[in-house]
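Chains, contacts and geometry: an overview
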Amino acid sequence: HYTTPSNIHRVIDPLFMDDLKDELGRIIALPIDTKGQKDVKYARLEAFRDRLSSMRFLDPACGSGNFLTETYKSLHALELSAIESELEFRHNAIMENQDPCKVRMGQFFGIEIDHFAASVARASLWIAECQLIQETKKVLHCQIDPLPLEKNTNVIQADALLVDWDEVLKRKSTTETYIIGNPPFQGAKKMNAQQRASLNCAMPSKLPDGTKLWDKQGKLDFVCAWYAKAAEYMDGKKNITAAFVSTNSIVQGDIEAPLWYPLMSHYKLQIFFAWRSFQWFNEAEKMAHVHCVIIGFYLSKRKRQVSHRLFLENGTIVNADNINGYLLNAENLFVWNRAKPLCTIPEMGIGNKPIDGGNYLFDEREMHDFIQKEPASKKYFHPYYGGEEFISGTPRYCLWLGDATPVELAAMPFCMKRVEAVKAYRAKSDSKPTQELAKTPRRFHVENMPANDYFVVPRTSSQSRDYIPMGKLTSNDFCSDGIQIIQEATLFHFGVLQSSIHMAWLRIVCGRLETRYRYSNGIVYNNFPWPDATDEQKAAIEKNAQEILDARSKYSDSSLEQLYNPTLMPDDLVDAHEKNNRAVAAIYAQYGINLNMSDEEIAIILMRVSTRLAAPKPKKRQKSKRQTSTK
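Summary of the structure given here. (Residues numbered from 1 in each chain as written. Predicted model: local features only at pLDDT ≥ 70, side-chain atom pairs only at ≥ 80, totals over all residues. Heavy atoms only, no water.)

1. Some thoughts on helix α17 (residues 535–553)
With 19 residues, α17 ought to run about 27 Å at 1.5 Å a step, and its terminal C-alpha atoms sit 27 Å apart, in line with that. For α17, the complete set of buried residues consists of I541, N544, A545, I548, L549, A551 and R552. Angularly, the buried residues of α17 cover 160° about the axis, an arc narrow enough to put them on a single face. Of the exposed residues in α17, the ones pointing more than 90 degrees away from its buried face are D535 and E536. Turning to α17, the residues buried within the fold contact β16 (471–473), α14 (491–497), α18 (560–563) and α19 (571–588). (Helix = DSSP H or I, 4+ residues; strand = E, 2+ residues; numbered from the N terminus. Expected span 1.5 Å × (residues − 1). Buried < 20%, exposed > 50% of the residue type's maximum accessible area, 1.4 Å probe, protein only. Arc of directions from axis to C-beta. Contact = heavy atoms within 4.5 Å.)

In structure tokens, the structure reads:
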């Protein structure tokens, strides 16, 4: 993915360019009224140029070299400004036939796994050097021969997760070094065998000294390996700072804690600037449609004093005391995937997973055609909802034959064909568990079919809505795994989950599909803290929850998609939600939460409470026999 200069500067400017520009600006502003002041200013400018020439830059996933060439050009521009300032009072500061610039191509290093891309990166640096020499000649009016070209062996073809970065950089221990780049975007489930092996090498479950570190590699995206490799490389060294472009998944959902807890607890990694999630644009023919973050970091073992800044997509810059793994201005907080809820509430499960090759799923027309051919099948059809179908109010239909007796099934030849097709589909799978399922072809892989009415939560919902549209289904309705199911929930639970306070929590801790919310039981539901509520408070929330359902029922011709469109949402439904918000806020007041707070402020408080509830309870000390006395 070709990275545009504007996106590159989102990385390198807060990483080092802003500081360099400020430093040069202060030097240029020095007065030169007397001879002594001229000498001081000249010495400061030369020291600044020496600093520029001593810096080293590594892009460990350099692709065609865009980060390296843009950084080279940016440093060269700074040095030219410094030289021009010198010329104002030192006309002999340059030699007419010699390149006066100290910033050279040899300061830039890259690692790239693709042979052709590595070759392009080397050529790009040569081209950049020729261009910059021409620019120097034009600005300083000097004659410089660009030939012969410098030898360029700084970009190597290799797997960056397997090589020693010190062997590539050949840096001295005190050299000011920056690691930059845009490592590969690849989800945990989409990595090939080579990528998985490389990630496991960069993120070992145990360090050589036996320290347990990366024990959740299976959940982590490929880009996480570059953070681990960079932290390991930086550990014990001085003057190294890094910044990477990454998919926004690494600061969300069930990746945040497994990635950032080891980095921050073991390596003492400190995030000192970050761009929150923004849509990624590039100049490739096939544009990458992803949402990214940019994270700059160092190891705080160095006791480096730097300002912490959060960059928002609207252009706002927030000064922070600490930036945590969620890119919040708060202490380091981690929400781990949990199998059971923290509090005493009904458990949330997933819907059904047929693994049927589509043989049991029908749209409405297909179902009617099938029933017309085989009328006896009618009682085996059920409305089938995924998240999209539930919100849009347009279910598909599933044929579930799990309760059909042999006699009933034998009398339905078209149903028999579907069962045989499912059996063949599963038997051909490369997965042994799926092959085992071929033995029970009438059953789904996962079956969750409540006997009574139940509440449901769509797993994916648009970020433009104020609330995720949750609701109720009947025992005749079946759900896919695109729906989360709460069988024993009451109106009280429904009211809390449909509140703005729960939405504030959700927006911060949930995973995302692009920018859409991904509701999960393990992260969002099971970690959400539920405070004690009086019977009176519960009754008020239940009353308001019912009013939400009643307001929806007035618009039976409207889908939840329409009812929860911020522009179309009816006034009485808005009022019902706001009334419910106030009732829910009353029980969260004990945590110091109120509705005047921002989502971030509410979520941070809830994270603190959740962390406290999840902490292991201290064991009670038992009295020894010597301490126990008897009468």
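What follows continues from the structure just given.
2. Notes on the pairing of strand β5 (residues 240–247)
Most of β5 sits inside the fold, with eight of its eight residues counted as buried. Side chains of β5 alternate between two faces, with I240, A242, F244 and S246 and T241, A243, V245 and T247 buried alike. One ladder, built from five bridges, connects strand β4 (residues 177–181) with β5; its direction is parallel. Looking at the pairing, G181 lines up with F244 of β5. Bridge count for β5 against strand β7 (residues 291–299) is six bridges, and the pairing is antiparallel. Bridge assignment links F244 to a residue of β7, and that residue is I295. (Pairing = 2+ DSSP bridges.)

3. Quick notes on the nonpolar core
Proteins that are soluble and globular tend to have nonpolar side chains buried together. Ranked by internal contacts, the top residues of the largest apolar core, which has 69 residues, are V496, V509, Y519, Y588 and M607. When near neighbours in sequence (up to four residues on either side) are disregarded, V509 contacts Q252, G253, Y326, V335, I523, V524 and M607. Counting residues in hydrophobic clusters, the runner-up holds 55 residues, among them L169, I179, W226 and A320. (Core = buried A, V, L, I, M, F, W, Y, C linked by side-chain atoms within 4.5 Å.)

4. Observations regarding the pattern of salt bridges
Considering all chains together, one arrives at 22 salt bridges under this definition. Here K102 ties to D50 by a salt bridge, and the two come within 2.6 Å at their closest N and O atoms. Of the two residues, K102 is situated in the loop between α3 (66–87) and β2 (108–112) and D50 in helix α2 (residues 35–54); the sequence distance between them amounts to 52 residues. Residue K102 is classed as partly exposed on the basis of its relative accessible area of 26%. According to the relative accessible area criterion, D50 is partly exposed, its value standing at 38%. With its nearest N and O atoms 2.9 Å apart, the salt bridge here joins K340 to E347. Residue classification places K340 among the partly exposed residues on the basis of a relative accessible area of 46%. The exposure class assigned to E347 is partly exposed, which follows from its relative accessible area of 45%. (Salt bridge = Lys/Arg side-chain N within 4 Å of Asp/Glu carboxyl O.)

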